[in-house]
Amino acid sequence: MFESVCFYLCGGLMLLGGIMTVASRSAVASAVWLIFAFLNAAGVYALLSAPFLAILQVLVYAGAIMVLFLFVIMMLHGPVMNEDLRSRSRWFWPALALPLAAIAGSAVTLLGRARGGAFPAPAPHGFGRAEQVAALLLDRYLLAFELISIVLLVAIIGALSLGLREGRRT
Amino acid sequence: MEQVTALFARIAGAGTLSPQLLLWLGALTMALIMALVMAACAIVFTWAERKVAGFIQSRYGPMRVGRWHGIAQPIADMLKILQKEDIIPADADRKFFILAPFVLFIGSLMAWAAIPFAPGFVAADLDMGLLYIFAASSLVTIGILMSGWASNNKWSLYGAARGAAQIVSYEIPLALAVVPVVLYAGSLNMTDIVVAQQGGIWKWFALRNPFLFVSFLIYFLASIAEVNRTPFDLPETESELVAGYHTEYSGMRFAFFFLAEYANLFLVSCIATAVFLGGWGHPVPGLNFAPALVFLAKAVLLVLAQIWIRWTLPRLRVDQLMHVCWKVMIPLALVCLAGSGVWMLAFVRFA
């Protein structure tokens, strides 16, 4: 009972955060609503017995990536920005239809599974703890894990070289 | 927290309260205790800061309020700050201006939940306590950025930008310095980490091997940068930025920044105590009755060291600050991590 109240609270607030992220007028407000959505997503992860994922969600997304976002937005726009970003483009309806279709699709799939009785599966003991994630990352998916780190390294070097070239031109 | 809920159960008589209600009561009590600890450390440490500053500058510091060496000065300061007019600048972004101090404060209050003050006395004995503390305190950066931006003031914005850049950078050596300890303790749970250091001063992680000692120093320096204190107080340099990101704040809202700052100062010292200095462990015989006092004493000593450093050293330049972090501390922390691993393989017998 208590857990489902928490789940619907976190889920609802996460949806609110997501909607406000796209509906807000100022970019900074959008970023802050996105942080709010991420925090609630972390709550949902914690309720789904994935505490490690929940903490990483806060640490990496809310704490590091969104700080960079806020930093860049503030540096680019300077003081409070008032322009209306919600001007309708001709992509408005397709952009609305795509996520709605995705939500409907996943809802249909989940309902079908729930009727089949395969859902919700109880989490095994120790599921979602750091040890288990580490075992998966450093054993079963070691190659993919290392490859991703190389991709990130290449991305950093690429960003650096692009930034340096820009700097030299001016 | 289990002890607190057990205490409530004993007071009310067994079976009279439902487990759900007991859980809520326990959680509320622990939250209240942590909030009081935060308020108390702001009161004690402002006094200590002004006294130590006075001694270092060959003067007395506060002497008048409260008869003995100005002991009641922080209470007078608090009363004064609460009476101040609450000002929100006309051009400020009202919502964020109001929200920012709370985000900052909640970030530092949340982190307290996982600090083990004594065996069993921890609000939330999380499996990933150490990671949780870092995650919770990363919200502080968001509060700083929000306050600086919402004030609509160039000094605030510069202060916030510097603060965010500094904290994001110094989080890396801070976290890397703690990793060798996790390696040795084999756990991210704060209680497990402290328990792994029991049984003599040489069991403390800071003294286990030379690499861990260097890790401890890196952690200590990086934590001074994390709480924006001299010599790393670039975000609030009085001579350039008035007061940095909280320039426009007054009254109660400013008090929140103030409270969070001193609470963070004590928080990083508590983490250092638990992770590197053996938590409630001590070499003195006959002191086992008060583990929480031992813990607090160690943390307070670390805070005094930070105050001492603040009033002794001049401030770094921005480029020096970044140089120290990225080119000295991070490589050194990585060397310490590798060195601790090798040391562990070479000298530590696995059970």
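Residues numbered from 1 in each chain as written. Chains lettered and ligands numbered in written order. Predicted model: local features only at pLDDT ≥ 70, side-chain atom pairs only at ≥ 80, totals over all residues. Heavy atoms only, no water.

Novice: Looking at this model, I keep getting lost on the overall build of chain A. Mind explaining?
Specialist: Along its length, chain A carries 6 helices and 0 strands. From first element to last, N terminus to C terminus, chain A shows the α and β order α-α-α-α-α-α. Looking at chain A residue by residue over its 170 residues, the buried ones come to 22%. A separation threshold of at least 6 residues defines the contact pool for chain A, and within that pool the share at least 24 residues apart is 59%. (Helix = DSSP H or I, 4+ residues; strand = E, 2+ residues; numbered from the N terminus. Buried < 20%, exposed > 50% of the residue type's maximum accessible area, 1.4 Å probe, protein only. Contact = heavy atoms within 4.5 Å.)

Novice: Sorry if this is basic, but what is going on with the pattern of salt bridges here?
Specialist: Opposite charge on two side chains permits them to pair, given that their charged atoms come into close proximity. Residue and element names in this part refer to chain B. In this structure the tally under the stated criterion is 3 salt bridges over all chains. A salt bridge links R310 to E49; the nearest nitrogen and oxygen atoms lie 3.2 Å apart. Of this pair, R310 sits in helix α12 (residues 291–312) while E49 sits in helix α2 (residues 19–56), and the two are 261 residues apart along the sequence. Classification of E49 by relative accessible area gives buried; the value is 3%. Across the salt bridge formed by R317 and D319, the nearest N and O atoms sit 3.0 Å from each other. (Salt bridge = Lys/Arg side-chain N within 4 Å of Asp/Glu carboxyl O.)

Novice: Explanation requested: the domain arrangement of chain B in the structure shown.
Specialist: Interface size is often expressed as the accessible area that is lost when the parts come together. All names here are of chain B. Per the domain assignment, the segments making up chain B are domain 1 (1–83) and domain 2 (88–349). For domain 1 versus domain 2, the distance between C-alpha centres works out to 20 Å. Here domain 1 meets domain 2 over a buried area of about 2300 Å², counting both sides, of which 81% is carbon and sulfur. On the domain 1 side of the contact with domain 2, M38, F45 and E49 bury the most area, a combined 31% of that side's loss. At the surface where domain 1 touches domain 2, the tally comes to 1 salt bridge. At 16 residues, the largest contribution of residues to the side of domain 1 that touches domain 2 is made by α2. Of the residues assigned to the side of domain 1 that touches domain 2, the class counts are 18 nonpolar, 3 polar and 1 charged. (Domains from an automatic or database assignment. Buried area = accessible area lost by both parts, 1.4 Å probe. Nonpolar A, V, L, I, M, F, W, Y, C, P; charged D, E, K, R; others polar.)

Novice: For this particular structure, what's the right way to read unusual backbone geometry?
Specialist: Among all residues save glycine, negative phi is the norm, and among peptide bonds the norm is trans. Residues and elements named next belong to chain B. With phi around 55 degrees, S58 is a residue other than glycine that occupies positive phi space. With respect to the helices and strands, S58 occurs in the loop between α2 and α3 (73–83). A relative accessible area of 70% means that S58 is categorised as exposed.

Novice: Any chance you could explain the interface of chain B and chain A here in plain terms?
Specialist: Each side of the interface is counted separately: chain B has 25 residues, and chain A has 25 residues. With both sides pooled, the region where chain B packs onto chain A buries about 2200 Å², and carbon together with sulfur makes up 84% of that total. Along the contact surface separating chain B from chain A lie 0 salt bridges. On inspection of chain B and its partner chain A, the count reaches 0 residue pairs in polar contact (both at pLDDT 80 or more). For the side of chain B that touches chain A, the secondary structure elements donating two or more residues are α2, α5 (129–137), α6 (139–150) and α7 (154–185) of chain B. The element that contributes the greatest number of residues to the side of chain B that touches chain A is α6(B), accounting for 6 residues. Taken together, the residues of the side of chain B that touches chain A sort by class into 18 nonpolar, 4 polar and 3 charged. (Polar contact = N/O pair within 3.5 Å; in protein donor to acceptor, adjacent residues only side chain to side chain.)

Novice: Would you take a moment to explain the side chain of B:E226 for this structure?
Specialist: All names here are of chain B. Within the fold, E226 resides in helix α9 (residues 210–226). Within the structure, the side chain of E226 is placed 3.3 Å from the backbone nitrogen of E171, a separation counted as a polar contact. Residue contacts for E226: discarding those within four places in its chain leaves I167, Y170, E171 and L174.

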